[in-house]
Amino acid sequence: MPDPHMPAADIYDVIRRRRDVRAEFTGELIDDTTLLRILDAAHRAPSVGNSQPWDFVVIRERSTLTRFADHVRDKRIEFRDSLPPERARTFEPIKIEGITESGTGIVVTHDDGRGGPQVLGRATVPETGLYSTILAIQNLWLAATSEGVGVGWVSFYDTDVLTELVDLPAGIRPVAWLCIGPVHEFQQTPDLERFGWRQRRPLEQAIHWERFGTAEQ
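I will try to describe carefully the structure that is included in this document. On a predicted model such as this, the values are computed, not experimentally measured, just so you know.

**Here's the deal with the sheet that holds strand β2 (residues 105-111)**
Right, on to step 1. Read from one edge of the open sheet, four strands run β1-β2-β4-β3, paired in antiparallel fashion. The open sheet has two edge strands, β1 (54-59) and β3 (149-154), and neither has a second partner. Sheet twist, expressed as the average angle between the axes of neighbouring strands with direction ignored, equals 30 degrees.
Right, on to step 2. Here β1 runs beside β2; their pairing, made up of six bridges, is antiparallel. Within β2, the position partnered with Asp-55 by the bridge is Thr-109.
Right, on to step 3. Helix α6 (residues 128-146) contacts β1, β2, β3 and β4 (172-182) of the sheet and is inclined by roughly 5 degrees relative to β4.

In structure tokens:
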């Protein structure tokens, strides 16, 4: 039976309000109690064979945040310069990170060896290990949104740079740098839609019945 303390409408509202936050961080640090509650939600994600292949590296040292932000800025420029002129103009005003503004970064890592050589459920689809770590990120993001806390996923970086920055051992790969912190507001419309980069597909285009390419009649 549904939890009487959490009506179904609440989780749907959280999903609708979730945003990839960039410019809305207040600059205040998220308090440890709230952060740990959010990380607990992430750690409760389902995982193939109960392997729990994730770890969370919390970054607050200003020098580390600044160093990573500088690297991301350089990668942003590289991407902008690779775009056709019209696309570059669309991209230019889009803020792609809030690393220093949030004051807290969470590096989510993946250990494909966790769970041993025979992970129940992963034998024929090895990617399910990585999918499990992504589910932990989704749990984290929705829990943060329910707390009124913003999360921004930064993906403009070289993996080797981030691996060295947080001293990851061999076999542990970084999956995401998440900026996390209190926000002034959540945007009503996602940034990439607001700035005209790409619009959301209608649901009916994403649903297929029985075979791919068959829409509802």
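**Let's talk about the environment of Ile-38**
Right, on to step 1. Its place among the elements puts Ile-38 in helix α2 (residues 32-43).
Right, on to step 2. Ile-38 gets classed as buried once you look at its relative accessible area, which sits at 0%.
Right, on to step 3. Residues Ile-38 and Asn-139, 101 residues apart in the sequence, show an inter-C-alpha distance of 8.3 Å.
Right, on to step 4. In this structure, Ile-38 is in contact with Ile-30, Leu-140, Ala-143, Ala-144, Glu-147, Val-149 and Ile-180, ignoring residues within four places of it in sequence.

**Points about the packing of aromatic side chains**
Right, on to step 1. Summed over all chains, the structure comprises six aromatic pairs.
Right, on to step 2. Geometrically, the ring pair formed by Phe-68 and Tyr-157 is tilted, given 5.8 Å between the ring centres and 55 degrees between the ring planes. Of the two residues, Phe-68 sits in helix α3 (residues 62-82) while Tyr-157 sits in the loop between β3 and α7 (159-165), which places them 89 residues apart along the sequence. One exposure class covers both Phe-68 and Tyr-157, and it is buried.
Right, on to step 3. Taking the centre distance of 5.1 Å and the plane angle of 80 degrees together, the rings of Phe-79 and Phe-91 count as edge-to-face. Pair noted here: Phe-79 is in helix α3 and Phe-91 is in helix α4 (residues 85-91), with a separation of 12 residues, a long-range link.
Right, on to step 4. One aromatic cluster is present, built from ring pairs that chain together Phe-68, Tyr-157 and Trp-177.
Right, on to step 5. Its end group placed over the ring of Trp-141, Arg-18 keeps NZ or CZ at 4.6 Å from the ring centre.

**Remarks on unusual backbone geometry**
Right, on to step 1. For Gln-52, which is not glycine, the phi dihedral falls at a positive 45 degrees.
Right, on to step 2. Residue placement: Gln-52 occurs in the loop between α2 and β1.
Right, on to step 3. You will see that Glu-210, though not glycine, has its phi angle at about 75 degrees, which is positive.
Right, on to step 4. Structurally, Glu-210 is set in the segment after α9 (203-206).
Right, on to step 5. Given the relative accessible area of 72%, Glu-210 is considered exposed.

Conventions adopted
- Going along each chain's sequence as written, the residues are numbered from 1 onward.
- Note on the predicted model: pLDDT of at least 70 is required for a residue's local features to be given, and 80 or more for side-chain atom pairs to be given and counted; whole-chain, interface and lining totals, by contrast, use all residues.
- Excluded from the side-chain calculation are hydrogens and water; included are all heavy atoms of the structure.
- When DSSP locates at least two bridges between a pair of strands, those strands are taken to pair.
- Strands are runs of DSSP state E lasting at least two residues, helices are runs of H or I lasting at least four, and both sets are numbered from the N terminus onward.
- Angles shown run from 0 to 180 degrees and are taken between the N-to-C directions of axes, each axis being a line fitted to C-alpha atoms and, for helices, limited to the stretch in contact.
- By definition, residues are in contact when any of their heavy atoms lie within 4.5 Å.
- Residue exposure (1.4 Å probe, protein chains only): buried if accessible area is under 20% of the type maximum, exposed if over 50%, otherwise partly exposed.
- Pairs were defined over the aromatic rings of Phe, Tyr and Trp, the Trp ring being its six-membered one, requiring ring centres within 6.5 Å. Orientation was assigned from the angle between planes: stacked under 30 degrees, edge-to-face over 60, tilted for the rest.
- Consider the ring centre and the ring normal. A charge sits over the ring if Lys NZ or Arg CZ is within 6 Å of that centre and within 35 degrees of that normal.

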